[in-house]
Amino acid sequence: MVVVSSVRDYINRMLQDISGMKVLILDSQTVSVVSVVYSQSELLQKQVFLVELVDSISMSKESMSHLKAVYFLRPTSENIQHFKRQLAKPRFGEYNLFFSNMLNTTQLHILADSDEHEVVQQVQEFFADFVALDPYHFTLNTPSNHMYMLPAVVDPPKLQTYCDRIVDGIAAIFLALKRRPVIRYSRTSDIAKRIAHEASKLMYQQESGLFDFRRTEISPLLLVIDRRDDPVTPLLNQWTYQAMVHELIGIKDNKVDLGNVGKDQQQEVVLSSEQDAFFKANMYENFGDIGMSIKRMVDDFQQVAKSNQNIQTIEDMAKFVDNYPEYRKMQGNVSKHVTLVTEMSKIVEERKLMLVSQTEQELACNGGQGAAFEAVTNLLNNESVSDMDRLRLVMLYALRYEKESPVQLMQLFNKLASRSPKYKPGLVQFLLKQAGVDRRTGDLYGNRDILNIARNMARGLKGVENVYTQHQPLLFQTMESITKGRLRDLDYPFVGNHFQQGRPQEVVIFIVGGTTYEESRSVALQNSLNSGIRFILGGSTLLNSKRFLKDLEEAQRIARSSTGVV
């Protein structure tokens, strides 16, 4: 089962059993859950003629008794109160209520007491409490994502809300999978440990009946890890299609805002592997290959356009009208991908990203501290390099050589401060405090573990196919260790007395702090090998370097104001 189809199944079940014209009422989070897996035209086919947000529909007084209301909401106290107010003066013919996660008894009582007019037809729990971006990749769009970086001494009240949202999302994934997992977590992370223990308490104690599915031979594995174990991946420039679009332009819930790009363009375009065959075929391809694929797509389109110009008989005309919707769709697709690639080429040229990225990849993958220092210094002096790229280069250097060259590191800090007026002092040091070598679980640079050292030497001798995509996220090593049964208990302890018997067939890896598209590509490629294990990747949010740095800045600001230190 893949995460996209499980959410689609839930929404199908919600809509197809209720006949007649419908209004679909969502909240600010379930609107993302629905929009990534269901298009507007598909909703229309299910006779949904209106989609509203639960907080804005409260403002309207107009009666619409000809419509049946289908509510799909997260089970929050705010949503329960909204619904209670709307039931006091019913506007719709009937009310069907679906929640994306478990309701508690108090909430059920409130709902029952509110239905004085007896218009509620059903109340159900459909466990689609996550945003299914791709078949093996989901996110939770968790607000205040910087929370995971705050030191334990700060522990603001919002941290519990943050953890609760993640535990809810993880619970929904396993309820949708109809499995109860064995749980492991990253040893050096307090927040990963906290979430793993709270998820275990929910699944094995508080709601053990709900999670008591037919036992499979081997339980699936939930591995909760911390973004700070691999701070390198979200700092790198990307060179494969989906990851690159997110890094340079930005993707939100599988949509790209082209408002600032070119003229006469659609403001927002959908970039989904479920709805766009070209994107599905090319989302993991290198930027150079994408150019060739787009050229072929343009050539195909021109052939179709040419045949459409040659209309001479009534039959030709009828054929053109029949094929016109497909033609328009093809035209829109060509225009979308050409626009994206043109814009990204422009940004690559303006920011000299090929030059910058070569050094980034060297810092992430290879040793050689002297050459790295020289390369970073040269780029800091280069007027064409943007402030953000300078900051990332110094961060990548600091993460790699924090113990080896403190003097040269200070020189880079000083140069960065003098060259980048927007640079916030202490940010690189805060990153090292958060995600330095002493704080990480796992072998990020492949230089601790004898097997990894040997593998890196072999790779160095063999050479790399593409200097821009030689980096592999730490997640790749983690999946390899799980596949070979080598994930160390010391680094990733089990929660409670539930241990793994044999190799799991299903693994959900959840990254507290967020995932990247480079990691979701790794998961998709790993799954395509058919190793007998299916991996699903989830995270609190979806990162690019801009978002990662924003979270880092916000955590630094709060930590400073709370403790008076960096």
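Residues numbered from 1 in each chain as written. Predicted model: local features only at pLDDT ≥ 70, side-chain atom pairs only at ≥ 80, totals over all residues. Heavy atoms only, no water.

**Some points on the overall build of the protein**
Heads up, the rule is: Secondary structure elements follow DSSP: runs of H or I no shorter than four residues count as helices, runs of E no shorter than two count as strands, and numbering proceeds from the N terminus. Remark: exposure states derive from per-residue accessible area (1.4 Å probe, protein chains only) relative to the maximum for the residue type, with buried under 20%, exposed over 50%, and partly exposed in between. Any pair of residues with heavy atoms lying within 4.5 Å of one another is described as a contacting pair. Surface accessibility follows the Shrake-Rupley procedure with a 1.4 Å probe radius. Residue values consider only the protein chains on display as shielding.
A tally of regular secondary structure across the protein gives 21 helices and 13 strands. Residues counted as buried form 52% of the 566 residues belonging to the protein. Taking contacts inside the protein between residues at least 6 apart in sequence as the whole, the part at least 24 apart equals 81%. Surface exposure of the protein reaches about 26,300 Å², of which carbon and sulfur atoms provide 51%.

**A look at the pattern of salt bridges**
Cut-off, in case you're wondering: One side-chain nitrogen of Lys or Arg within 4 Å of one carboxyl oxygen of Asp or Glu is enough to make a salt bridge.
Under the criterion given, the structure shown has 27 salt bridges. Put simply, Arg165 and Asp129 hold a salt bridge, and the shortest N to O gap is 3.5 Å. Of this pair, Arg165 sits in helix H7 (residues 157-177) while Asp129 is found in the loop between strand S5 (120-125) and strand S6 (131-134), placing the two residues 36 residues apart along the sequence. Here the two residues Arg165 and Asp129 agree in accessibility, since each one is buried. In this structure, Asp438 and Lys403 form a salt bridge, with 3.0 Å as the shortest nitrogen-oxygen distance. With Asp438 in the loop between helix H17 (427-435) and helix H18 (450-462) and Lys403 in the loop between helix H15 (387-401) and helix H16 (406-419), this pair connects stretches of sequence that are 35 residues apart. With relative accessibility at 62%, the residue Asp438 sits in the exposed group. Residue Lys403 is classed as exposed on the basis of its relative accessible area of 56%.

**Things to note about unusual backbone geometry**
Phi angles above zero are rare outside glycine, and Lys178 is one such case at about 55°. Note on placement: Lys178 falls in the loop between H7 and strand S8 (182-185). With relative accessibility at 46%, the residue Lys178 sits in the partly exposed group. Positive phi, normally seen in glycine, also occurs at Asp253, with a value near 50°.

**What to know about the pairing of strand S9 (residues 221-226)**
Both faces of the sheet carry side chains from a regular strand, because those side chains alternate between them. We count it as follows: Strands qualify as paired when DSSP identifies two bridges or more between them.
Counting buried residues along S9, six of its six residues qualify, which places the element largely inside the surrounding structure. Along S9, one buried face is formed by Leu221, Leu223 and Ile225 and the opposite face, lined by Leu222, Val224 and Asp226, is buried too. Sheet topology places S8 next to S9; four bridges connect them, and they run parallel. From the neighbouring strand, Tyr185 faces S9, where its bridge partner is Val224.

**Considerations on the sheet that holds S9**
Here is the rule: Axis definition: a line fitted to C-alpha atoms, over the contacting stretch in the case of helices. Angles run 0 to 180 degrees between N-to-C directions.
The strand order across the open sheet built from six strands is S6-S7-S13-S12-S9-S8, with neighbouring strands paired in mixed fashion. Sheet topology places S6 and S8 at the edges, where each strand pairs with a single neighbour. Adjacent strand axes in the sheet meet at a mean angle of 25°, parallel and antiparallel pairs treated alike. Direction of pairing for S6 relative to strand S7 (residues 137-139): antiparallel, over a ladder of three bridges. Residue Asp134 lies in a different strand from S7, and its bridge partner there is His137. Contacts between helix H20 (residues 517-528) and the sheet are confined to S6, S7, strand S12 (506-512) and strand S13 (534-539), with S13 contributing the most and set at about 165° to the helix.

**Comments concerning the packing of aromatic side chains**
Selection rule: Only Phe, Tyr and Trp rings are paired, with Trp represented by its six-membered ring, and only when their centres lie within 6.5 Å; those with planes under 30 degrees apart are stacked, over 60 edge-to-face, the remainder tilted. Ring-over charges, as used throughout, are those where CZ of Arg or NZ of Lys falls within 6 Å of the ring centre and within 35 degrees of the ring normal.
Taken as a whole and assessed by the stated rule, the structure comprises 13 aromatic pairs. Measuring from ring centre to ring centre gives 4.8 Å for Tyr71 and Phe83, while their planes differ by 80°; the resulting arrangement is edge-to-face. A residue pair is termed long-range when its members are at least 10 positions apart, and Tyr71 in strand S3 (residues 64-73) and Phe83 in helix H5 (residues 77-88) qualify at 12 residues. The same class applies to Tyr71 as to Phe83, namely buried. Each residue in the set Tyr71, Phe83, Phe92 and Tyr95 is aromatic and connected to the rest through ring pairs, giving one cluster. Between Arg13 and the ring centre of Phe126, over which it is positioned, the NZ or CZ distance is 4.6 Å.

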